[in-house]
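Chain and residue survey
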Amino acid sequence: MSVPKSVRVPEEIYDYINNYSGEGFNQKFVNIIRDARDTEPERNETLDRLNKQISQREKYLKDTAKRLDELASELKSLSFDITYIRSHHII
């Protein structure tokens, strides 16, 4: 069964549809929609996986930045201690 429908699309979309595989504009349009529908679960799984990877990397970067801040603080403290020791001729 097919439903007659008139659709207005921008020229760039018309060109995209016309360059898709199929015979005639209607079949090309239907093929695009079917391909999008059929690949949607896989695309969603990929997006979910990528979002998880992004979250993991963001956490890693946040943890690394925190540790670097801690190390910078320790280095400043050590530098202060060295300066103090040198100024008091302890070394």
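Relevant structure appears above.
Report follows, based on the coordinates.

Conventions we followed
Residues numbered from 1 in each chain as written. Predicted model: local features only at pLDDT ≥ 70, side-chain atom pairs only at ≥ 80, totals over all residues. Heavy atoms only, no water. 1 Å grid on protein atoms, 1.4 Å probe; cavity = no way out; pocket = protein on both sides within 12 Å on 5 of 7 lines; lining within 4 Å. Points joined across faces, edges and corners; volume = space filled by probe spheres on them. Helix = DSSP H or I, 4+ residues; strand = E, 2+ residues; numbered from the N terminus. Nonpolar A, V, L, I, M, F, W, Y, C, P; charged D, E, K, R; others polar. Buried < 20%, exposed > 50% of the residue type's maximum accessible area, 1.4 Å probe, protein only. Lys, Arg positive; Asp, Glu negative; His and termini not counted. Salt bridge = Lys/Arg side-chain N within 4 Å of Asp/Glu carboxyl O. Expected span 1.5 Å × (residues − 1). Contact = heavy atoms within 4.5 Å. Axes fitted to C-alpha atoms, helices over the stretch in contact; angles between N-to-C directions. Parallel < 35°, antiparallel > 145°, perpendicular 65-115°, else oblique.

**What to know about the layout of surface pockets**
- Space inside the largest pocket adds up to approximately 360 Å³.
- Residue lining of the largest pocket: S2, V3, P4, K5, V7, V9, I17, F25, N26, Q27, F29 and V30, and that is the complete set.
- Considering every element that reaches the lining of the largest pocket, the biggest residue donor is helix α2 (residues 24-87), with five residues.
- Here the lining of the largest pocket is built from residues that sort into eight nonpolar, three polar and one charged.

**A word on the side chain of K28**
- Relative to the helices and strands, K28 resides in helix α2.
- There is no salt bridge for the buried K28, and the closest opposite charge comes from E23, which lies 7.6 Å off by N-O distance.

**Concerning α2**
- Over its 64 residues, α2 runs 87 Å from end to end, which matches the ideal 94 Å to within 8%, given 1.5 Å per residue.
- Those residues of α2 that sit buried are K28, N31 and I32.
- Those residues of α2 hidden inside the fold are in contact with α1 (11-18).
- With its phi angle positive at about 50°, H89 sits one or two positions after the end of α2.

**Description of the packing of α1 against α2**
- Close contact between α1 and α2 brings their axes to 8 Å; oriented N to C, the two are set at 90°. Relative to α2, the element α1 is oriented roughly perpendicular. Of the residues in α2, those touching α1 at Y14, Y16, I17 and N18 are F25, K28, F29 and I32.
- Classifying every residue of the contact of α1 with α2 by side-chain character gives six nonpolar, one polar and one charged.

**Here we look at the pattern of salt bridges**
- Under the defined criterion, the tally for this structure stands at four salt bridges.
- Here R37 makes a salt bridge to D38, at a shortest N to O gap of 3.0 Å.
- The closest approach of N and O atoms between D63 and K59, which form a salt bridge, is 2.8 Å. Taken together, the positions of D63 and K59, both in helix α2 and four residues apart, correspond to about one turn of that helix.
- Through salt bridges with shared partners, one network takes in R67, E70 and E74.

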